[in-house]
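Structure assessment
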Amino acid sequence: MSLPTLLSQHIVRRPQRIALLQHIAEQGSITRAAKSAGLSYKAAWDAIDELNNLAQKPLVERSVGGKGGGGARLSSEGERVLRLYQKLQALQAQVLEAAEDASDLDLLGRLMLRTSARNQLHGKVMAIETVGRNDRIQLGLAEGLSIVAQITHDSTLRLELQTGTEVVALIKAGWLDLVAIEQPATLGNNCLKGIIEEILDAEDGPSEVRIGLPNGQTLCALAEPLQLRTRGLAVDQPVQVQFSPSNVLLGTPL
């Protein structure tokens, strides 16, 4: 089975994040792997969440009882991606030597997009429904989950979207609303159910909440501590994540 296009591009464009897999395989601990990679614990989990979300299957799995805190191990898919990365390292010198000029590499760097959106979910276009000047794009995520994005018809044409097109759904953390599992979903909104895996409090702002979805992907939301308490939301508890289709941005490979 080949890698998703978007994950393949990520391996080429951001190899330092794939290198984190090597440290996890060797250390068996997120804490130690992060230190070896020169990353903070939070930055390491951010990288892992992004990799898991772009892959068809999770690359890193939490392990119970890991030594040194933050126990984790590579899944079979993660081991396969790591082997591919190691092959890429062997070819890297040849690729750099093939560049006609040093400016070629600068040009490539300018063409490679990074985004501030915390949530980047890999998916495929399942259906397109035109509603006035807008299109509702149904996206299939891993393991049968789905969401809807609403974009202009012009955007659909510009991105050349059609059934089967691979995309990345970009959703800012502040656009996610966390509600108790027993509350009815807001009509017209996307609604995904998951488990709160971690809550990172801030001294002067909203808490960062990581939600694990049933398909292995992870969402990051921002919520005020008081809001979390009044809604009875805590670590290891189920939660609903709601967001408007108009707050789902779509990206495609260049």
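Scroll up a little and you will see the structure.
These lines cover the structure that appears in this document, whether it is placed above or below. (Residues numbered from 1 in each chain as written. Predicted model: local features only at pLDDT ≥ 70, side-chain atom pairs only at ≥ 80, totals over all residues. Heavy atoms only, no water.)

1. Describing the pairing of strand β8 (residues 190–200)
What counts here: By the convention used here, strands pair only if DSSP detects at least 2 bridges between them. A run of H or I in DSSP becomes a helix once it reaches four residues, and a run of E becomes a strand once it reaches two; helices and strands are each numbered from the N terminus.
Note: β8 against strand β11 (residues 238–243), six bridges, orientation antiparallel. Within β11, the residue paired with asparagine 190 across the bridge is phenylalanine 243. One ladder, built from five bridges, connects β8 with strand β9 (residues 207–212); its direction is antiparallel. Looking at β9, one finds that isoleucine 196 is bridged to isoleucine 211.

2. Some words on the nonpolar core
Put simply, the test is: Only buried Ala, Val, Leu, Ile, Met, Phe, Trp, Tyr and Cys residues count toward a nonpolar core, and they belong to the same one when joined by side-chain atoms within 4.5 Å. Each residue is placed in one exposure class: buried if its accessible area under a 1.4 Å probe, protein chains only, is under 20% of its type's maximum, exposed if it is over 50%, and partly exposed if it falls in between. Note on definitions: a residue-residue contact is assigned when non-hydrogen atoms from the two residues lie within 4.5 Å.
Among the nonpolar cores identified, the biggest contains 30 residues, and Leu178 and Leu250 are the most heavily contacted of them. Leaving out residues up to four positions away in the same chain, leucine 250 has contacts with Ile137, Leu139, Ala149, Ile151, Leu159, Leu161, Val167, Val168 and Ala169. Membership of the second largest hydrophobic core comes to 21 residues, among which are Ile30, Ala44, Ala72 and Leu74.

3. A word on the pairing of strand β10 (residues 218–223)
Burial runs high along β10: five of the six residues are buried. When β9 meets β10, the two strands line up antiparallel, connected through six bridges. Residue pairing in the sheet places glutamate 208 in a bridge with leucine 222 of β10. In textbook terms, the turn of a hairpin is the stretch between consecutive antiparallel strands, and for β9 and β10 this stretch comprises five residues, one of which, glycine 216, has a positive phi near 95 degrees.

Honestly, it's all geometry; don't read function into it.
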